[in-house]
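What follows is the residue order along each chain.
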Amino acid sequence: MEKMKFQKITLFSGVMLALNSLIGSGWLFGAGTAAKVAGPAAILSWILGAIIIISIALTYVELGAMFPESGGMSRYAQYSHGPFLGFIAAWANWISLITLVPMEAVASVQYMSSWPWAWANWTHHFMKNGNITTPGLLVVFGFMLVFTLINFWSVKLMTRFTNLISIFKILLPTLTIVMLIAAGFHPSNFGHSVTTFIPYGSRSIFEAAAISGIIMSYDAFQTVINMGGEMINPHKNIVRGVLISMIITAVIYVMLQVAFIGAIDPNLLAQKGWHGINYTSPFADIAILLGMNWLAILLYMDAFVSPFGTGVAFVATASRALAAMTHTGHLPQWLGRLERRYMIPRLAMVVDLILAVVMVSLFRNWSLLATVITGSTLIAYLTGPVTVMSLRKMDANLKRPFHPHFMSWLAPFAFVLTSLSIYWTMWPTTVQVIGVILLGLPIYLYYEVKYRHASGLRDLRNSYWMLAYLVFISIVSYIGSEGFGGKDWLKYPWDFVVIIICSLGFYRWAVASRMKKIDPAAEKVNAKVKMPGKDQ
């Protein structure tokens, strides 16, 4: 009877929550930035991004169905490789979450800076040469403070706010696609041959996937997995929820890119080329050029609504991720303290806000913040393919409601794609992100020595592969081809060949580095799983 008190999440609610997280500032800027980098071939970048994230997501779907617990994605690596790898994965994921908050605030301010009304001239100096200026930064800080305060008093206020805007967030991109295609679509913009469709070569497709926020835009699939413990029929609905939300999102983003490319004035394109297309507020600027001022006003409104909704949601997620990391004893316990009345980790929120201010002061434009998020998220995701195959080898008798035979080749395939995607985030961003992630290492070691008397340092052996991998990808990023920010000593496409071969080696090493016994906590969670047809 006790279980009846808890409200279970339906498949539809899970998909809607995922879509609410997926549709943030990515759709406002992604299409414009990707077209500038790759031209019409940006369409392929969105498809590639979907393939990469769906491949990674399927490894986490098996894990999510095996361990349907809230916040599970920060625990899986610990189940197969011990606390150190679990800490690195959780830390990297947390870094991406606290960077998402300022990125959404930057999106709002960037659209503000191009307001076309006479009374809004005071906003025009918020941006300069694509970067947030100091006055603009103060507005960003103000928005982040509001995001935090909405979360500060209660979950109910946060969920009411998010539910209020979710429908608007989904309908407006669809309306934008329809109106841009109907009002001014130029098929000639897509080129008349492979060369004109891919004007900057095949490398630009991969560049756009990482630095235009494409991979970042698909990242919120983890919403469904992290809610696995609260879903109805998790053995069925976790995989359905992930795939349905990902497919809907991919269709919306690809069609937005098609609509954007088709809406550009061919005369402007003939003068400047795709590299010269530079809109501060891509869709709103085009709507004004096409005489659809009403759509521009809606888009300027959405530049507040979408980022505000996502920013508020990720303040909640980031604070809970930080609070959850204290449970392993590798962060100060006060960070996990819940405020008594509302049961909210307020101290974690304050720390997240301070660090978000530091992040946006260092990385002052939307694309850079999106690249930082992409890099840190992908490093966390490296552990998914490794963990799923390690657990299969460690204990074949664990309950696996989702147990596809293709995982034996999909896991290494996803690992390789993740490695390539980290490389595409470009030097020096790659090493900056890795540096921020490695800042967690002394914190981990301090608490390991202090509370476990160095016995836990033996766990590092299960994670040497990750430390070696981070050194490897940093070196390849530095010496790699100039299109990805490197010295061009290792030229394209040989840089890809080296990464693919070495990544397969790291994958084998990683799986071989698994613990001898599965974490007992994992066995407890898995024992509660109901297998379809058996535990009814």
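Residues numbered from 1 in each chain as written. Predicted model: local features only at pLDDT ≥ 70, side-chain atom pairs only at ≥ 80, totals over all residues. Heavy atoms only, no water.

Draft legend 1. Region of the structure containing the packing of helix α5 (residues 83–112) against helix α16 (residues 346–362). One way to put it is that α5 packs onto α16 with a least axis distance of 9 Å and a crossing angle of 65°. Comparing their axes, α16 and α5 come out roughly perpendicular. Every pair of crossing elements has a handedness; the one defined by α5 and α16 is right-handed. Across from Trp94, Ile95, Ile98, Thr99, Pro102 and Val106 in α5, the residues of α16 making contact are Asp352, Leu355, Ala356, Met359 and Val360. (Axes fitted to C-alpha atoms, helices over the stretch in contact; angles between N-to-C directions. Helix = DSSP H or I, 4+ residues; strand = E, 2+ residues; numbered from the N terminus. Parallel < 35°, antiparallel > 145°, perpendicular 65-115°, else oblique. Left-handed = near helix turned anticlockwise from the far one by under 90°. Contact = heavy atoms within 4.5 Å.)

Draft legend 2. Structural view of the pattern of salt bridges. One pass over the structure, following the stated rule, counts four salt bridges. For glutamate 62, the salt bridge goes to arginine 392, with nearest N and O atoms at 2.7 Å. Taken together, the residues span a long stretch of sequence, with glutamate 62 in helix α3 (residues 42–66) and arginine 392 in helix α18 (residues 383–394) at a distance of 330 residues. Each member of the pair, glutamate 62 together with arginine 392, is buried. Between glutamate 207 and arginine 203 there is a salt bridge, with the nearest N and O atoms lying 3.4 Å from each other. With glutamate 207 and arginine 203 both in helix α9 (residues 203–211) and four residues apart, this pair spans about one turn of that helix. Overall, arginine 203 belongs to the partly exposed group, its relative accessible area being 24%. Each of Glu62, Arg392 and Arg400 takes part in salt bridges that share partners, so that together they form one network. (Salt bridge = Lys/Arg side-chain N within 4 Å of Asp/Glu carboxyl O. Buried < 20%, exposed > 50% of the residue type's maximum accessible area, 1.4 Å probe, protein only.)

Draft legend 3. Quick peek at the confidence of the model for the chain. Scored by pLDDT, the chain comes out at a mean of 84, with 91% of its residues at no less than 70. Here residues 1–6 scores under 50 on pLDDT; set against residues more than four positions off or in separate chains, the count is zero contacts. (pLDDT = per-residue confidence, 0-100.)

Draft legend 4. Structural context of the packing of aromatic side chains. Inspection of the entire model under this criterion finds 37 aromatic pairs. A centroid spacing of 5.2 Å and a plane angle of 90° characterise the contact between tyrosine 492 and phenylalanine 496, whose relative ring orientation is edge-to-face. Taken together through their ring pairs, the aromatic side chains of Phe415, Trp465, Tyr469, Phe472, Phe506, Tyr507 and Trp509 make up a single cluster. For the cation-ring pair, arginine 203 lies above tyrosine 492, with the distance from its terminal atom to the ring centre recorded as 5.9 Å. (Phe/Tyr/Trp six-rings, centres within 6.5 Å; stacked < 30°, edge-to-face > 60°. Lys NZ or Arg CZ within 6 Å of the ring centre and 35° of its normal.)

Draft legend 5. Summary view of the side chain of threonine 99. Among the structural elements, threonine 99 can be located in helix α5. A polar contact of 2.7 Å, which involves the side chain of threonine 99, links it to the backbone oxygen of isoleucine 95. When residues no more than four places from it in sequence are discounted, the contact partners of threonine 99 are Met359, Leu369, Val372 and Ile373. (Polar contact = N/O pair within 3.5 Å; in protein donor to acceptor, adjacent residues only side chain to side chain.)

Draft legend 6. A look at α9. Of all nine residues in α9, eight are buried, a share of seventy percent or more. Every buried residue belonging to α9 is among Ser204, Ile205, Phe206, Glu207, Ala208, Ala209, Ala210 and Ile211, and all of these are buried. At the exit of α9 stands glycine 213, carrying a positive phi of roughly 80°.

Draft legend 7. Main features of a nonpolar patch on the surface. The grouping of Leu44, Ile47, Ile51, Phe406, Trp409 and Phe413 at the surface amounts to a nonpolar patch, some 540 Å² of accessible area in total. Of all elements in the fold, only α3 and α19 (407–424) reach the threshold of two or more residues within the nonpolar patch. It is α3 that contributes the most residues to the nonpolar patch, three residues altogether. Note on isoleucine 51: relative accessible area 44%, which makes it partly exposed. (Patch = residues over 30% accessible without salt bridge, like charges linked within 9 Å, V, L, I, M, F, W, Y side chains within 5 Å. Areas by Shrake-Rupley, 256 points an atom, 1.4 Å probe, with all protein chains shown as cover.)

Draft legend 8. Quick peek at the environment of arginine 461. Its location among the elements puts arginine 461 in the loop between α21 (440–452) and α22 (464–479). Under the relative-accessibility criterion, arginine 461 is labelled exposed at 53%. Linking arginine 461 and histidine 81, residues 380 residues apart in sequence, is a C-alpha distance of 9.1 Å.

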